[in-house]
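Residues per chain are reported as follows:
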Amino acid sequence: MNIKLTDLDHRKGEPLPLRFTLDPVELKKRHQEIRGLTPVEVKGEAVKLGDLYYVNGEMSADVDFVCARCLTPFTQHVVVPFQETFSPPDAAVELDEDSDIVPLEGDEIELVPLMQEDFLLEIPVFPLCKEDCLGLCPSCGTNRNEQMCGCKNERIDPRLAGLADFFKNSTE
Ligand SMILES: [Zn+2]
Ligand SMILES: [Zn+2]
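Just so it is clear, the model here is predicted, and its values are computed rather than measured.

A. Molecular detail of the pairing of strand S2 (residues 16-22). Of the two faces of S2, the one lined by Leu-16, Leu-18, Phe-20 and Leu-22 is fully buried and the one lined by Pro-17, Arg-19 and Thr-21 carries no buried residue. Sheet topology note: the S2/strand S4 (residues 40-49) ladder contains 7 bridges and is antiparallel. Paired with Arg-19 across the strands is Lys-43, a residue of S4.

B. How the structure looks around unusual backbone geometry. Look at Lys-12: it is not a glycine, yet its phi comes out positive at around 50°. Inspection of the secondary structure puts Lys-12 in the loop between helix H1 (5-10) and S2. The backbone of Leu-71 sits at a positive phi, close to 65°, despite the residue not being glycine. Along the chain, the position of Leu-71 falls in the loop between strand S5 (52-66) and strand S6 (73-87).

C. Molecular detail of the coordination of the zinc ion (ligand 1). Coordination of the zinc ion (ligand 1) by the protein is provided by Cys-67 (SG), Cys-70 (SG), Cys-129 (SG) and Cys-133 (SG), with metal-donor distances spanning 2.3 Å. Given 4 donor atoms and angles of 106 to 114° at the metal, the environment of the zinc ion (ligand 1) is assigned as tetrahedral. Read from N- to C-terminus, the donor residues coordinating the zinc ion (ligand 1) fall into the pattern C-x2-C-x58-C-x3-C. Taken together, the residues Cys-67 in the loop between S5 and S6 and Cys-129 in the loop between helix H3 (111-121) and helix H4 (158-171) connect sequence positions 62 residues apart.

D. Region of interest: the coordination of the zinc ion (ligand 2). Note on the zinc ion (ligand 2): its protein donors are Cys-137 (SG), Cys-140 (SG), Cys-149 (SG) and Cys-151 (SG). The metal-donor distances range over 2.2 to 2.3 Å. Taken together, the 4 donor atoms surrounding the zinc ion (ligand 2) define angles of 106 to 112° at the centre, an arrangement classified as tetrahedral. On the primary sequence, the residues serving as donors to the zinc ion (ligand 2) are separated as C-x2-C-x8-C-x1-C. Linking Cys-140 in the loop between H3 and H4 with Cys-151 in the loop between H3 and H4, this pair joins segments that are 11 residues apart in sequence. Note on Cys-140: relative accessible area 41%, which makes it partly exposed.

E. Seen up close, the pattern of salt bridges. With the rule as written, the count across this model stands at 5 salt bridges. Note that Lys-4 and Glu-108 form a salt bridge whose closest N and O atoms lie 3.8 Å from each other. Of the two residues, Lys-4 is situated in strand S1 (residues 2-4) and Glu-108 in strand S8 (residues 108-110); the sequence distance between them amounts to 104 residues. Note that Glu-33 is salt-bridged to Arg-35, the shortest N-O span being 3.6 Å. For Glu-33, a relative accessible area of 12% gives the class buried. Residue class for Arg-35 comes out partly exposed when judged on its relative accessible area of 43%.

Quick notes on the rules
Residues numbered from 1 in each chain as written. Chains lettered and ligands numbered in written order. Predicted model: local features only at pLDDT ≥ 70, side-chain atom pairs only at ≥ 80, totals over all residues. Heavy atoms only, no water. Buried < 20%, exposed > 50% of the residue type's maximum accessible area, 1.4 Å probe, protein only. Helix = DSSP H or I, 4+ residues; strand = E, 2+ residues; numbered from the N terminus. Pairing = 2+ DSSP bridges. Donors = N, O, S within 2.8 Å, 3.2 Å for Na, K, Ca; no water. Tetrahedral: all angles 85-135°; square planar, octahedral: opposite > 155°, others 65-115°. Salt bridge = Lys/Arg side-chain N within 4 Å of Asp/Glu carboxyl O.

Rendered as structure tokens:
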């Protein structure tokens, strides 16, 4: 999905509606937590205002994850807003290094690579089925969101176990 700068120049500030999809296969390959996803719907608009080109909108897809704590597969509707600013190759604007403005090299805006980056940045590296997921019991493997197993999982570092006994004995 490339936008010709001349197309935007000719619209004289009238936004150009954008609607396309990102290929899910490539996105899935680039993020190990994505187990599957629908094509990413991109909706937005592009416009030239002054010397700069602006593209903004929203991407959305249903993404399949596996919960990092309880290992249950779940699907989440992911919505990623985006906003990019581009300066034309012959721009008079000075770009400092911290600038969010993307300098264009050709006569087109190449949207797909930028949209892919924006989308992947929003994908969690530690996906959770719910924020307070209780995870699996480290002793018996029961999913503690579904039932309590009754295991006592007191986390005592074996190196400190002797110390725990010492304190127990000293208070008796
Ligand atoms: Zn979970
Ligand atoms: Zn258990």
